[in-house]
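Spelled out from the first residue to the last, the chains are:
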Amino acid sequence: MSWSVRLGGYILAAALLLAGHPALAEKRVALVIGNSAYQNVPQLTNPANDGAVMTATFKNAGFDVVDYRRDLTARETRRALRDFADAARDADIAVVYYAGHGMEVEGSNYLIPIDARLERDTDVYDETLSLDRILVAVEPAKKLRLVILDACRDNPFSRNMQRTVATRSLGRGLAKVEPTSPNTLVAYSAKAGSTAQDGDGKNSPFTLALSRHIATPGLDVRKAFGFVRDEVLKSTANRQEPFVYGSLGGEDVPLVPGVPRVVTQMPVAPAPSPQADTRRDYELAMQVGNKGALNAFLAQYPDGFYASLAKLQLEKLTAEENRAAASEKARATEAERARLAAEGARKDTLAKAEAEAKAAEQARLVAEKANQLAQQQAADAERKRQEQQLAAVDNPRAATSPAAPVSPQGPQVASLTPASQPADLAKSVQLELRRVGCLTEDADGDWGSASRRSLSQFNRYAGTRLDTQAASADALQAIKLKQARVCPLVCQHGYQSDGDRCTRIVCAEGSFVNDDNECEKRREKKPVAKRDNNDDEDAPSRRRARAVPEPSMPLPAPSVGVGVGVGVGGGGLGVGIGMAPSIAPPKPQAQARPRPSSGQVYCDAYLCRAVRPGCRLEFRGGGGPGNNASAEVCN
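Residues numbered from 1 in each chain as written. Predicted model: local features only at pLDDT ≥ 70, side-chain atom pairs only at ≥ 80, totals over all residues. Heavy atoms only, no water.

Student: Before we move on, could you go through the overall build of the protein chain and cite the residues and values that matter?
Tutor: The secondary structure content of the protein chain amounts to 18 helices and 20 strands. Going through the 635 residues of the protein chain one by one, you find that 38% of them count as buried. Accessible area of the protein chain: about 36,700 Å², with a carbon and sulfur share of 53%. (Helix = DSSP H or I, 4+ residues; strand = E, 2+ residues; numbered from the N terminus. Buried < 20%, exposed > 50% of the residue type's maximum accessible area, 1.4 Å probe, protein only. Areas by Shrake-Rupley, 256 points an atom, 1.4 Å probe, with all protein chains shown as cover.)

This is how it looks when you write it as structure tokens:
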């Protein structure tokens, strides 16, 4: 064998060897972030566990760099992204996996570090990291740039966040994204505008499915995410649908290189379900949710199980319209009756108006009962359909069997007991109750007294009669049918409603919040003089006593003598016999404090003085020389 032949054989062997090991020619790097220990909101359990699972998945797949960061602050997250961008500069495939809280503001998505406070909506620009910043970190990769976000959870920050501009929108979950760089994919754990579930185990349903399929050797990454979607839909009873945004070229792009399995025999496709198309069209009509869509469905499918369901939904919509019309008529007739009564209309006119108002109220009550019955029947029918659909997923043979017809009176299905509920049914009902404004607590999956009260509030304002003792599928469906807020926003004293939240009332300096929840100016306290009780009672007598001139010296002790008493009464002047002072000069005395008197004044020929305590003036009548009109009488 010549040297050239042997050299050709070596070259061929080397080429085959390189063809069997394409990983030698590709560099793959991954950054994994799991944020669980949030400092200002309740901590999350799964993100740290999910991060550990994905780290092991990437390492087992032979990635060159796998950087796992846990519980990062905003500053640490920026540093981690900067370091990862350096590692991705010469990489062919760059992957960032993030598990934790995220939110959407004004159509842009943001990942939330553990130290974020987010007291105002504008704080997202300072305390979080935008999705665009993550895309910049993977941009240097040549073949595939992949960002995976398990961050579509119910966001606790938005409940207490103050809106600086009333029109600024805070979305549910994450917003749809369209990557501008080529060969870029962004995968969400739940479709844009919806929230994902954490599940009942240590890991979220999305991460569990992702770890099973994403690292399959030779499997195109788009096909892998398709398998992830199918598995999550099945495990969550079609309540969570993962979604991938972006596009790739026509060639397969596996995350893990390998030789695809060769299919030696084409599998036999299962026989399509005879009702698959009907079910799909029915679900589409239910998404539209109006009478026109349901009538169009019945025109195409006039008979069968789904036709009966559509008729029940039509009856429900009609009953709701009748209830609204009857309520409006009752309100109008009552207002007219009140107007006629206030204007003093004639008795026969007023009697006619009262009869019309009574009849309208009776019609409203009848329409209300009919609406409640139609709502209950439609909810029971939809619950039975979902149960059959779940059974078909678990048992494919059941999908090919015709569904049981629905009776005209509605399906007779008992409510699910707590033992037969899906594990996350209670949490799903709580999330829906929070959406319609009937639940203020967190959705923790524990169906306690707060959840029962919130469902009772929903029954009150939505006009339903759902069982509040346990979460049920019919309750979930009935709440989902409400697109707007159902329960009114109630704020405690000192707070006022601001959109969908309560904000503290802030009054200007010198004002306070009164009992009517209004700002009221504080009144200045004026000084009040306090007097002794006895002094206050005798104040009038003292004022009258000060009006009479007092003698310069007190009177001496009285002695028997003749004096003249002058009194005015009975229309004349009278002079009488009285006590006269002694001729001896009086001894000077210290001036004593006036004693309380009755407020009367007695005058004789010499002076006027206050009537002594315990005494009073008694009118004797007459008058004239020698007679007093009044006399001082002491007890």
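Student: Break down the environment of C152 for me, citing the residues and quoting the values.
Tutor: Within the secondary structure layout, C152 lies in the loop between β7 (144-150) and α6 (157-160). Remark: the alpha-carbon pair of C152 and P242, spanning 90 residues in sequence, is separated by 10.0 Å. The contact partners of C152, leaving out residues within four places of it in the chain, are L174, Y188, S189, A190, S194, T195 and A196. (Contact = heavy atoms within 4.5 Å.)

Student: Please give an account of empty space enclosed by the protein that cites residues and values.
Tutor: Summed over all chains, the structure comprises two cavities of 30 Å³ or more. The computed volume of the largest cavity comes to approximately 50 Å³. Counting residues per element, the lining of the largest cavity draws most heavily on helix α12 (residues 347-394), which supplies four residues. Taken together, the residues that form the lining of the largest cavity break down as five nonpolar, three polar and two charged. In this model, the second largest cavity occupies a volume close to 30 Å³. Together, I33, T77, Y98, L111, L129 and I134 line the second largest cavity. (1 Å grid on protein atoms, 1.4 Å probe; cavity = no way out; pocket = protein on both sides within 12 Å on 5 of 7 lines; lining within 4 Å. Points joined across faces, edges and corners; volume = space filled by probe spheres on them. Nonpolar A, V, L, I, M, F, W, Y, C, P; charged D, E, K, R; others polar.)

Student: Please give an account of the pattern of salt bridges that cites residues and values.
Tutor: Applying the stated criterion across every chain yields a total of 22 salt bridges. A salt bridge links R222 to D220; the nearest nitrogen and oxygen atoms lie 3.0 Å apart. According to the relative accessible area criterion, D220 is buried, its value standing at 9%. Measuring nitrogen to oxygen at the nearest pair gives 2.8 Å for the salt bridge that ties R323 to E320. Pair noted here: R323 and E320 are both in helix α11 (residues 305-342), with a separation of three residues, about one helical turn. Because the salt bridges share partners, they merge into one network encompassing D67, R69 and D83. (Salt bridge = Lys/Arg side-chain N within 4 Å of Asp/Glu carboxyl O.)

Student: Lay out the sheet that holds strand β3 (residues 93-99) with the relevant residues and their values.
Tutor: Taken in spatial order, the six strands of this open sheet run β2-β1-β3-β7-β9-β10, and their pairing is mixed. Whereas interior strands pair on both sides, the edge strands pair on one side only; in this sheet they are β2 (65-70) and β10 (243-247). Taking the axes of each pair of neighbouring strands and ignoring which way they run, one obtains an average angle of 10 degrees across the sheet. When β7 meets strand β9 (residues 184-188), the two strands line up parallel, connected through five bridges. Of the residues in β9, the one forming a bridge with L146 is L185. Contacts between helix α2 (residues 46-60) and the sheet are confined to β1 (28-34), β2, β3 and β7, with β2 contributing the most and set at about 170 degrees to the helix. The sheet contacts of helix α5 (residues 131-138) involve β3, β7 and β9, and relative to β7 the element is tilted by about 145 degrees. (Pairing = 2+ DSSP bridges. Axes fitted to C-alpha atoms, helices over the stretch in contact; angles between N-to-C directions.)

Student: Lay out the side chain of N459 in plain terms, naming residues and giving numbers.
Tutor: Within the secondary structure, N459 is located in helix α15 (residues 449-462). With relative accessibility at 12%, the residue N459 sits in the buried group. A polar contact of 2.6 Å, which involves the side chain of N459, links it to the side chain of T464. Among all residues touching N459, those that are not within four sequence positions of it are T464, R465, L466 and T468. (Polar contact = N/O pair within 3.5 Å; in protein donor to acceptor, adjacent residues only side chain to side chain.)

Student: Please set out unusual backbone geometry residue by residue, giving values where relevant.
Tutor: Glycine aside, a negative phi is what most residues show, and trans is what most peptide bonds show. Of note in this structure, L118 is not a glycine but carries a positive phi near 55 degrees. Look at N238: it is not a glycine, yet its phi comes out positive at around 65 degrees. The topology assignment puts N238 in the loop between α8 (221-235) and β10.

Student: An account of the packing of aromatic side chains is needed here, citing residue identities and associated values.
Tutor: All told, the structure shown has six aromatic pairs when counted by the stated rule. Between F297 and Y301, the aromatic rings sit 5.0 Å apart at their centres with planes inclined by 40 degrees, giving tilted as the arrangement. Connected via pairs of aromatic rings, a cluster forms that spans Y188, F243 and Y245. (Phe/Tyr/Trp six-rings, centres within 6.5 Å; stacked < 30°, edge-to-face > 60°.)

Student: Now, about the environment of A326: what can you tell me, with residues and values included?
Tutor: Note that A326 resides in helix α11. A relative accessible area of 12% places A326 in the buried class. Sequence separation between A326 and Q362 is 36 residues; the distance between their C-alpha atoms is 9.2 Å. Excluding residues within four positions of it along the chain, A326 makes contact with A360, A363, R364 and A367.

Student: So what's going on with the nonpolar core? Residues and values would help.
Tutor: Residues Y38, F84, L118, L131, V147, L149 and Y188 are the most contacted members of the largest nonpolar core, which totals 44 residues. A per-element tally of this core places α5 first, with five residues. Counting residues in each nonpolar core, the second largest holds 30 residues, with I93, L185, F225 and V256 among its members. (Core = buried A, V, L, I, M, F, W, Y, C linked by side-chain atoms within 4.5 Å.)

Student: Can you explain the state of the cysteines? Please cite residues and give values.
Tutor: Taken as a whole, this structure holds three disulfides when the rule is applied. Note on cysteine connectivity: C438 is disulfide-linked to C487, with sulfurs 1.9 Å apart. With the S-S bond torsion at 90 degrees, the cross-link from C438 to C487 turns out right-handed. Highlighted residues: C438 in the loop between α14 (425-435) and α15 and C487 in the loop between α16 (473-480) and β11 (495-498), separated in sequence by 49 residues. Relative accessible area serves as the criterion here: at 4%, C487 is assigned to the buried category. Two residues share a disulfide in this structure: C507 and C519, whose sulfurs sit 2.1 Å from each other. Note on the C507 and C519 pair: the S-S dihedral is about -85 degrees, so by sign convention the disulfide is left-handed. Of the two residues, C507 sits in the loop between β12 (501-504) and β13 (511-513) while C519 sits in strand β14 (residues 519-521), which places them twelve residues apart along the sequence. In this structure C519 comes out as partly exposed when scored by relative accessible area, which is 43%. (Disulfide = S-S within 2.5 Å.)

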